[in-house]
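# Topology and contacts: notes
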Amino acid sequence: MRFRRLLVVLLAVLGLAVPGVAVAAQPNTVVSLTFDDGDADQVLAADILATHRMPGTYYIISGAVGSPGYLTLDQIRHLAAQGNEIGGHTVSHLDLTQVSLAEARRQVCQSRQILTDWGFRVTSFAYPDGSASADVRAVVRDCGYHSARLDGGLLSKGCEDCAPAGAFRPPDPYGLPTPAQVDTSWSLADLQHVVTSAERTGGWVPLVFHHVCDTPVCGPLSIRTETLRAFADWLADRGGTQVKTVDQVIGGQVAPVVRSAAAPPHGVVNGSLETVGAFDASESDTGPAPAHQTVPRCWSEAGYGDNSATWRHVRGGHAGTWAEQVTVTSHRSGDTKLLPRFDLGECAPTAVPGGGYQLSAWYHGSVRTQFSVYYREPSGRWVYWTSSPFFAPSDTWTQASWRTPALPADGSAVSFGLAVAQVGTLTTDDYRIVPVQPAAAAGGGVSLSLTAGLFVLGALVVAALYFVRPRRRQMALARSDPSSSSR
């Protein structure tokens, strides 16, 4: 028996095998199961992996935590307690190559700061949309991350000539290659092919997942639970392959948190909607935009609910050349609107808690409209705040103007736009925001002058009582003071 065991070991070292004898291959391949965005359905993945004690790396959009469709903070803490890694994926999930470097630095550094403040060990980063430039990679490194994951570069569907695996000690840890992101077109055989190909050479294969779907109809960036479960079962039996988190592969001591500078105060950027395209650090604010870009710079075509709309950047603006036009072609619920981009200050107007704001924009169209207003919380999450009364349809340019209530105490920026919630067309232009005194804001209660008057009147009454009847006031104070010796 001892001779047989020794023979098995020797033959395994030589790469040979004994018929009828199972030989455990030496660990030479590592698979990392990474999940982007922090989607709520990723708890299904965690439950599947937990049955095999497999850890995963979850790259979290910190500004989305607790929003509908995303993991809550308690759920993320539960993931970490199970042995999973929590990584950064920016605050607002912006393409970092399409924003200024100052905004990229805020997005990367603040995401790590927020997750660290929540109690997580944060060393790994994933670029939104897999987009990274040399400058962006430097930002990630300077913010204290040990690694940053791309999207693509290794063998997979659509790239059969790519290398089957990456190195355990990658030459560029801020450009980690992966197979193409897993979507609904991937089968169990596709996943197995990626792993078995890597096993022939050895190395590291980080797989990229998004949604985990257990319903009949799945979105495009999804893997079905039955496919993931079958893959985990199969992977657990690969004697020469291990499953590790990105942090477990890269290693290293956690770097101190790096805090980024806040954006300087400003109002609406590109409120005239004249320039279009990305807010790229390599472009000037007035530089030409790519021909395919039609969205005004620093703005987003937004909305929610069950409706369909088309957008156009059209000539014939209110004061300038251009305006933005939306046509709602079907509507059952929700609305659609143009909003300053949800970010950390490059585009979103900064705001002060307790302050009110005068919003204005010019419009014309066949539908009524109203201001829909959002504000940013300290975590970077954007939440709905309030809406204005409706403004009537108009055939000519008309100004919509409305004063908000006082901004909640946890607000630091606002985003607003004219919303459409019915079939029809609306053209808008020349957006503006102006701060006003908190007490003068709509819904702020009594006006400032009346409040000041009441305060002065009250002070005069108190003073009169003090000087006219001093003895009675002193006796009352003495009775209310336990330390007084007065009887």
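The sections below set out a description of the structure shown in this document.

The rules behind these values
Residues numbered from 1 in each chain as written. Predicted model: local features only at pLDDT ≥ 70, side-chain atom pairs only at ≥ 80, totals over all residues. Heavy atoms only, no water. Disulfide = S-S within 2.5 Å. Helix = DSSP H or I, 4+ residues; strand = E, 2+ residues; numbered from the N terminus. Buried < 20%, exposed > 50% of the residue type's maximum accessible area, 1.4 Å probe, protein only. Pairing = 2+ DSSP bridges. Axes fitted to C-alpha atoms, helices over the stretch in contact; angles between N-to-C directions. Arc of directions from axis to C-beta. Contact = heavy atoms within 4.5 Å.

Attention now moves to the state of the cysteines. Applying the stated rule across the entire model yields four disulfides. Covalent S-S linkage joins cysteine 109 and cysteine 143, the inter-sulfur distance amounting to 1.9 Å. Measuring handedness by torsion sign, the sulfur bridge of cysteine 109 and cysteine 143 sits at about -85° and is left-handed. With cysteine 109 in helix 4 (residues 101-117) and cysteine 143 in the loop between helix 5 (134-142) and strand 5 (147-153), this residue pair connects regions lying 34 residues apart in the sequence. Among the residues examined, cysteine 109 registers a relative accessible area of 2% and is labelled buried. With a sulfur-sulfur separation of 1.5 Å, cysteine 159 is cross-linked through a disulfide to cysteine 162. On the basis of relative accessible area, cysteine 159 is assigned to the partly exposed category, the value being 25%. In the protein chain, numbering the disulfide-bonded cysteines from first to last in sequence yields the connectivity 1-2, 3-4, 5-6, 7-8.

Moving on: the sheet that holds strand 12 (residues 307-315). Strand order across the open sheet formed by five strands is 12-13-20-15-18, with antiparallel pairing between neighbours. Either end of the sheet is taken by a strand with one partner, and the two such strands are strand 12 and strand 18 (394-403). Sheet twist, expressed as the average angle between the axes of neighbouring strands with direction ignored, equals 25°. Inspection of the sheet shows strand 15 (residues 356-365) paired to strand 18 by seven bridges, in the antiparallel sense. Residue pairing for strand 18: leucine 359 is matched across the bridge by tryptophan 402.

Another aspect to go through is helix 2 (residues 42-50). Within the span of helix 2, buried status applies to Gln42, Ala45, Ala46, Ile48 and Leu49. Along the long axis of helix 2, the arc covered by the buried residues comes to 165°, so they all point the same way. Taken together, the buried residues of helix 2 touch strand 1 (29-37), strand 2 (57-60), helix 3 (73-81), strand 8 (211-213) and helix 7 (225-236).

Because an α-helix packs 3.6 residues into every turn, residues spaced three or four apart end up facing the same way. Leu191, Val194, Val195, Ser197, Ala198 and Glu199 are the residues of helix 6 (residues 188-201) that are buried. On its buried face, helix 6 is in contact with strand 1, strand 7 (203-209), strand 9 (222-224), helix 7 and strand 10 (241-243). Where helix 6 terminates, the next one or two residues include glycine 202, which has phi positive at roughly 85°.

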